[in-house]
Structure formats: structure tokens, C-alpha cells
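Fold and geometry: a report
Below, each chain spelled out in residue letters.
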Amino acid sequence: MSDGAKTDLAERLLAVYDEQLRGTSEGADVPTSMDGPVIRVEYPMRGFVSYRTLEGLDDAEVDALIARQRDYFAAKGQAVEWKLRGHDLPVDLPDRLRAAGFEPEEQETVLVAESADIAERLRGRATVDGVTIGLVNDRADFERIAAMESVVWNENWSWLADDLERRHATGLTDVYVAEADGEVVSAAWAVYKKGTEFTGLWGGSTLADWRGKGIYKALVAVRAARAVELGYRYLHVDASDDSSPILQRLGFLAITTTTPYVHTPA
């Protein structure tokens, strides 16, 4: 594909992403409330703020909107994440968020691909020698995944078991583990966005001794094939700097960036 064709496709995918994955679809399975163009999502760990566009608001209205989200969650004793995309307007929105006490976390790249294209590219790549990949659906397995993630990130990820259990209960998330000799060495989940054409690919962290063996690609392959089976046209990933190059080599296109701006009350 030529550079021009890639650019055109990326622009088309960005338009579909903005239309289908911004705003209310981001909080379809948890309590939410609206404040003008903003949707407030009340996740158990921390609040989350999203929107499709802030078009039509002047500077003072944008500042007031930011402050209201900060204060709404601070009153509950909760931190809140404002999810900023790289193409969002106004262009000085990052400065306005910082002025309101929000601090940026690590930027990620938003990648999108056609599910059928990725499934075809990875045909025959869904298995790894010595590793068993399969669906899991009970609390014990979610706790094993959380323990593995805690080792990978050297942090306490015990909260993830609750999150996976909640997501699975909605019927809109498939959770996969990769096991070797009874040990969870990697895990990933697919989040089917109800009312859209998108499947979100989450997870993919792998224990250090098992990296570079094709497990990450295999987990992408099984989820892409499942998305095609269920009729979800697109895959999307908020990718770290580690996984973004891998996914782009597989055919995903970078369409924008995303940065969590987080306010944590004193």
C-alpha cells in the first residue's frame, strides 16, 4: 500500500473511530452521567471522562467543564482520568488540563485495523510450541492473571481480577490465557463494544522468560478470528511503545495518540 493510500485509510479509520468509539460507547457497561458533551464513567478504580467533541465551547466554558469533572470525582474521594486524543481541540487543551491539576500519564498510540485482514495475515499463527492458549471464565483464573500481571509490572494488580470478572459478566468480554506447564505466562482479553463495529484488544503482557516466542501474536490471532466470527469489523488498540511497532508490522495503522490526564484529590 502506498503512503498516500495509507494516509487516506488512516483518515477514514479515524473518522469511524471518532464516530463509534467516542463518548457514550466508552462506558456502556458501568454507571455513567452526562455533563454537556462529556460522559462521566464511574469505574471502581477511578473516574473516567470522555467525549466526542468539545466543538462550540469557548475557552471559559472548556475550563469550567474541566473543573466540574475534577470536582465531581474529588467530592467522591476519587481520582479521575480525562482521556485526551492527539487530534482533540482546542489545541491548548493539555495546558488547560494541567492548569486544573491534571497530570499526564504515558502516551499511547491508537491503532486500528480490519479484523478480517489481521485474521488472514495471522492465519496459522494462533499456536505456540509448549504453550496452551484458551478462553477462561472463572474467578480463579482471573486471579491467576492478576498475579501474572503483578509480576510483569512489579506492582499490585490484584484489582484486575475484579475488573475482569465484571467485564466478563457483561457478556461482552472474552478473556484468554497462555499457559506453559500449568503457569499463566501471558493473558489478553477482547472487549466487544456494543452498538459499534469495534473489538478492543487489551492486555498481552507476558512474563519476561516467555517473550519473543510468538505468544503476543498468537493472542492477537485468536482474538481477531473471534471478532470476525462475531461480526465485528474493526480491531483497535491503545498501544504502548513496546507493542505499537509489533502491531503496525502486522497491519494495524496508527490513527492518533491517547494520553490519560489524571487528577488525584489530596
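Now for a quick tour of the structure. (Residues numbered from 1 in each chain as written. Predicted model: local features only at pLDDT ≥ 70, side-chain atom pairs only at ≥ 80, totals over all residues. Heavy atoms only, no water.)

Let us look at the overall build of the chain. A count of helices and strands for the chain gives 8 helices and 12 strands. Computed over its C-alpha atoms, the radius of gyration of the chain comes to 19 Å, within 12% of the 18 Å expected for a compact globule of 266 residues. Based on the C-alpha atoms only, the size of the chain along its principal axes is roughly 60 × 45 × 30 Å. Within the span of the chain, comprising 266 residues, buried residues form 49% of the whole. A sequence separation of at least 24 residues applies to 72% of the contacts in the chain between residues at least 6 apart. Accessible area of the chain: about 12800 Å², with a carbon and sulfur share of 49%. Across the chain, 29 positive and 45 negative side-chain charges occur, with their mean positions spaced 3 Å apart. (Helix = DSSP H or I, 4+ residues; strand = E, 2+ residues; numbered from the N terminus. Rg over C-alpha atoms; globule rule 2.2 N^0.38 Å. Buried < 20%, exposed > 50% of the residue type's maximum accessible area, 1.4 Å probe, protein only. Contact = heavy atoms within 4.5 Å. Areas by Shrake-Rupley, 256 points an atom, 1.4 Å probe, with all protein chains shown as cover. Lys, Arg positive; Asp, Glu negative; His and termini not counted. Charge placed at Lys NZ, Arg CZ, Asp CG, Glu CD.)

Glancing now at the pattern of salt bridges. Tallied over the entire structure, the rule returns 27 salt bridges. Of the charged contacts, one joins Glu 42 and Lys 76 as a salt bridge, the two residues approaching to 3.6 Å between their closest N and O atoms. With Glu 42 in strand β2 (residues 38-42) and Lys 76 in the loop between α2 (59-74) and β4 (80-85), the pair connects residues that are 34 residues apart, well separated along the chain. Linking Asp 238 and Lys 83 is a salt bridge whose minimum nitrogen-to-oxygen distance equals 2.8 Å. Residue Asp 238 is found in strand β11 (residues 234-239), and its partner Lys 83 is found in strand β4; the two are separated by 155 residues along the sequence. Lys 83 sits in the buried class, given a relative accessible area of 9%. Through salt bridges with shared partners, one network takes in Asp 59, Asp 63, Asp 92 and Arg 96. (Salt bridge = Lys/Arg side-chain N within 4 Å of Asp/Glu carboxyl O.)

Here Thr 258 is to be found in strand β12 (residues 253-263). Judged by relative accessible area, Thr 258 falls into the buried class, the value being 2%. For Thr 258, the side chain forms a polar contact with the side chain of Lys 83, separated by 3.3 Å. In this view, Thr 258 contacts Lys 83, Leu 84, Arg 85, Glu 106, Gln 107, Glu 108, Val 110 and Asp 238; residues no more than four positions away in its chain are not counted. (Polar contact = N/O pair within 3.5 Å; in protein donor to acceptor, adjacent residues only side chain to side chain.)

Among the residues of helix α6 (residues 159-169), those classed as buried are Leu 160, Ala 161, Asp 163, Leu 164, Arg 166 and Arg 167. On its buried side, α6 packs onto α5 (139-153), β8 (173-180), β9 (183-192) and β10 (198-206). Phi turns positive, to about 80 degrees, at Gly 171, one or two residues after α6.

Core analysis: the biggest nonpolar cluster contains 27 residues, and Phe 142, Ile 145, Leu 160, Leu 164, Val 175, Trp 189 and Ile 215 have the highest contact counts within it. Counting residues per element, the ones that place at least two in this core are α5, α6, β8, β9 and α7 (215-230). Of all the elements, β9 adds the most residues to this core, at 6 residues. Counting residues in each nonpolar core, the second largest holds 20 residues, with Leu 111, Val 220, Ala 239 and Phe 252 among its members. (Core = buried A, V, L, I, M, F, W, Y, C linked by side-chain atoms within 4.5 Å.)

A few words on the packing of α5 against α6. With their axes 8 Å apart at the nearest point, α5 and α6 run at an angle of 135 degrees to one another. Relative to α6, the element α5 is oriented oblique. Crossing hand, α5 versus α6: right-handed. From α5, Arg 139, Phe 142, Glu 143, Ile 145, Ala 146 and Glu 149 reach across to α6, where they touch Leu 160, Ala 161, Asp 162, Leu 164, Glu 165 and His 168. Considered class by class, the residues forming the contact of α5 with α6 number 6 nonpolar, 1 polar and 5 charged. (Axes fitted to C-alpha atoms, helices over the stretch in contact; angles between N-to-C directions. Parallel < 35°, antiparallel > 145°, perpendicular 65-115°, else oblique. Left-handed = near helix turned anticlockwise from the far one by under 90°. Nonpolar A, V, L, I, M, F, W, Y, C, P; charged D, E, K, R; others polar.)

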